[in-house]
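Okay, here's what each chain looks like letter by letter:
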Amino acid sequence: GAGVSQSPSNKVTEKGKDVELRCDPISGHTALYWYRQSLGQGLEFLIYFQGNSAPDKSGLPSDRFSAERTGGSVSTLTIQRTQQEDSAVYLCASSSLGRSSGANVLTFGAGSRLTVL
Amino acid sequence: GENVEQHPSTLSVQEGDSAVIKCTYSDSASNYFPWYKQELGKGPQLIIDIRSNVGEKKDQRIAVTLNKTAKHFSLHITETQPEDSAVYFCAAKGRQGAQKLVFGQGTRLTINP
């Protein structure tokens, strides 16, 4: 597609339920990122995938959070046993290598707004 | 790891005036500094970026300056217009091999007509 697509756009769930958030990156982009944006806060890095390399999971806040990227394209972020503090907008971004070494221009999706009651 | 601080958190200016947003970073090896604009209900979009081998970059009404010695960089918007109202984020990318962007906390810019 023309941009990064995320679904669902909005998700309301009850505390303790599991949720899955999906990201379709731009075709051909080898890198995929997940960030979390809590109300009034900045963008908190969660996880990064690059090609076939092992993902950088250093930003995942707990073992309730996991993500996978199948076939080097679509990615799913899973949150198990959701808590109220998980309420946030989850943003996915993809990128290809920039023209200069070390530069990655991220293209973001519109995000998935998660509300945990 | 890298830490990025952004100020102010909110900024209100009159249409036509200039707006300046400032960021500092902690990792002296960081070499890439983009600025993103986020409009309501949308994901952030890149508006301008600068690499560590230059001190200033300009694109029409938007400019970014970088002071590597002091480890700070700034976004300057001149002749502000109502459509400039949005949340702006600075970011820094660390040393080679660290591919993630570390973002500041964001600045909500309001342009008053």
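Residues numbered from 1 in each chain as written. Chains lettered and ligands numbered in written order. Predicted model: local features only at pLDDT ≥ 70, side-chain atom pairs only at ≥ 80, totals over all residues. Heavy atoms only, no water.

Colleague: How do you make sense of the overall build of chain A when you look at a structure like this?
Modeller: Within chain A, the secondary structure is distributed over 0 helices and 10 strands. Beginning at the N terminus, the succession of helices and strands in chain A can be written as β-β-β-β-β-β-β-β-β-β. A globule of 117 residues ought to have a C-alpha radius of gyration of about 13 Å, and chain A, at 14 Å, matches this closely. Dimensions of chain A along its principal axes, counting C-alpha atoms only, are 45 × 25 × 25 Å. (Helix = DSSP H or I, 4+ residues; strand = E, 2+ residues; numbered from the N terminus. Rg over C-alpha atoms; globule rule 2.2 N^0.38 Å.)

Colleague: Which parts of the structure should I look at to understand the interface of chain B and chain A?
Modeller: Interfaces are often described in size by the accessible area the parts lose on coming together. Contacts between the two partners involve 20 residues from chain B and, on the opposite side, 21 residues from chain A. In this assembly, chain B packs against chain A so that about 1,600 Å² is buried in total across both faces, 55% of it on carbon and sulfur atoms. Per-residue buried area on chain B facing chain A is highest for Gln99(B), Lys100(B) and Phe103(B); these three make up 31% of the total on that side. Our count for the chain B to chain A interface comes out at 0 salt bridges. Inspection of the chain B/chain A interface yields 4 residue pairs in polar contact (both at pLDDT 80 or more). When contributions to the side of chain B that touches chain A are tallied by element, the ones reaching two or more residues are strand 4 (32-38), strand 5 (45-51), strand 9 (86-93) and strand 10 (101-103) of chain B. Considering only residue class, the side of chain B that touches chain A consists of 7 nonpolar, 8 polar and 5 charged. (Contact = heavy atoms within 4.5 Å. Buried area = accessible area lost by both parts, 1.4 Å probe. Salt bridge = Lys/Arg side-chain N within 4 Å of Asp/Glu carboxyl O. Polar contact = N/O pair within 3.5 Å; in protein donor to acceptor, adjacent residues only side chain to side chain. Nonpolar A, V, L, I, M, F, W, Y, C, P; charged D, E, K, R; others polar.)

Colleague: Please explain the confidence of the model for chain A as it appears in this structure.
Modeller: When pLDDT drops low, the exact placement of atoms in the prediction is not to be read closely. Of all residues in chain A, 93% attain a pLDDT of 70 or more, and the chain-wide mean is 90. By mean pLDDT, the top-scoring element of chain A is strand 7 (residues 75-79) of chain A (98), and the lowest-scoring one is strand 5 (residues 43-50) of chain A (93). (pLDDT = per-residue confidence, 0-100.)

Colleague: Is there a simple way to explain the sheet that holds strand 3 (residues 19-24) of chain A in this structure?
Modeller: Adjacent strands of a sheet form backbone hydrogen bonds with each other and so pair up, either parallel or antiparallel. Residues and elements named next belong to chain A. Spatial strand order, 1-3-7-6: 4 strands in an open sheet with antiparallel pairing. Each having just a single partner strand, strand 1 (5-7) and strand 6 (65-69) make up the two edges of the open sheet. Across the sheet, the mean angle separating the axes of adjacent strands is 15° when strand polarity is ignored. (Pairing = 2+ DSSP bridges. Axes fitted to C-alpha atoms, helices over the stretch in contact; angles between N-to-C directions.)

Colleague: What am I meant to see in the state of the cysteines here?
Modeller: Disulfide: a covalent bond formed between the sulfur atoms of two cysteine residues. Under the defined criterion, the tally for this structure stands at 2 disulfides over all chains. Two residues share a disulfide in this structure: Cys23(A) and Cys92(A), whose sulfurs sit 1.9 Å from each other. Given an S-S torsion of about -65°, the disulfide between Cys23(A) and Cys92(A) has left-handed geometry. Placement of the pair is Cys23(A) in strand 3 and Cys92(A) in strand 8 (residues 88-95), with a sequence separation of 69 residues. For the residue pair Cys23(A) and Cys92(A), the accessibility class agrees, reading buried in each case. The disulfide bridge from Cys23(B) ends at Cys90(B), spanning 1.9 Å between sulfur atoms. On the S-S bond that ties Cys23(B) to Cys90(B), the torsion sits near -100°, and the link is left-handed. Highlighted residues: Cys23(B) in strand 3 (residues 19-25) and Cys90(B) in strand 9, separated in sequence by 67 residues. Judged by relative accessible area, which is 0%, Cys90(B) ranks as buried. (Disulfide = S-S within 2.5 Å. Buried < 20%, exposed > 50% of the residue type's maximum accessible area, 1.4 Å probe, protein only.)

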